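Structural description and commentary
Spelled out, the chains give:
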Amino acid sequence: MRVVVAPLRSFPSGERRIVEVGGRSIGVFRVGERFFGIRNRCPHQGGPLCLGHLLGDAVADAPGHAQISEDPLRIACPWHGWEYDLDSGQSFMGTVAPGVKSYGVELSPGGSLAEEARAAAPAKRVPGPYVAETFEVNIEDEYVVLHA
Ligand code: FES
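The structure reproduced in this document is the subject of the present report.

Rules used in this analysis
Residues numbered from 1 in each chain as written. Predicted model: local features only at pLDDT ≥ 70, side-chain atom pairs only at ≥ 80, totals over all residues. Heavy atoms only, no water. Phe/Tyr/Trp six-rings, centres within 6.5 Å; stacked < 30°, edge-to-face > 60°. Helix = DSSP H or I, 4+ residues; strand = E, 2+ residues; numbered from the N terminus. Buried < 20%, exposed > 50% of the residue type's maximum accessible area, 1.4 Å probe, protein only. Lys NZ or Arg CZ within 6 Å of the ring centre and 35° of its normal. Pairing = 2+ DSSP bridges. Axes fitted to C-alpha atoms, helices over the stretch in contact; angles between N-to-C directions. Contact = heavy atoms within 4.5 Å.

Under the definition given, this model contains 1 aromatic pair. On the basis of an interplanar angle of 80 degrees and a centroid distance of 5.7 Å, the ring pair of F11 and F35 is categorised as edge-to-face. Residue F11 is located in the loop between β1 (2-7) and β2 (16-21), and its partner F35 is located in strand β4 (residues 34-39); the two are separated by 24 residues in the primary sequence. Note on F35: relative accessible area 13%, which makes it buried. The lysine or arginine in question, R17, covers the ring of F11, its NZ or CZ lying 4.5 Å from the ring centre. Just above the ring of Y103 sits the side chain of K101; from NZ or CZ to the centre is 5.3 Å.

Turning our attention to the sheet that holds strand β11 (residues 142-147). Strand order in the open sheet made by the 6 strands is β1-β11-β10-β4-β3-β2, with antiparallel pairing throughout. Each of the sheet's edge strands pairs with one partner strand only, and the pair in question is β1 and β2. Averaged over all pairs of adjacent strands, the angle between their axes in this sheet comes to 30 degrees, without regard to strand direction. Where β1 lies against β11, 5 bridges are found, and the strand directions are antiparallel. Bridged to V4 within β11 is V145. This element, helix α1 (residues 110-120), spans β1, β10 (102-109) and β11 of the sheet and lies at about 105 degrees to β10.

Structure (structure tokens):
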């Protein structure tokens, strides 16, 4: 199932959206030009994982030049701090801790989304003899789309 999350221009880097898809709460994150989708339910005790802080590794190429790496990127659950890889959902709390479900996220042109919606619409009506005047509408923006 593909779910349109937001227009790209209204989803700046560093933000997240939490969407409901088929009874599941899923967080979609943008970090720079990368997007991630992860289940908003911590496998430990069911905490709201996607409300947690994003973490990177502290790296330094010389003394005094430390910075936070964006790769790998992890999320820490706000309840007890268990950490998960944002891309794969892999847990980092020992071998017995289960991972969390992750989802693919892509950018898709608005025009192709509109075309898909038209193609998926059921043809239930029989066309009549009259045709109203119509006008072409272009959808040019890109949209963030979750594969759930
Ligand atoms: S519920 Fe997430 S770490 Fe405990």
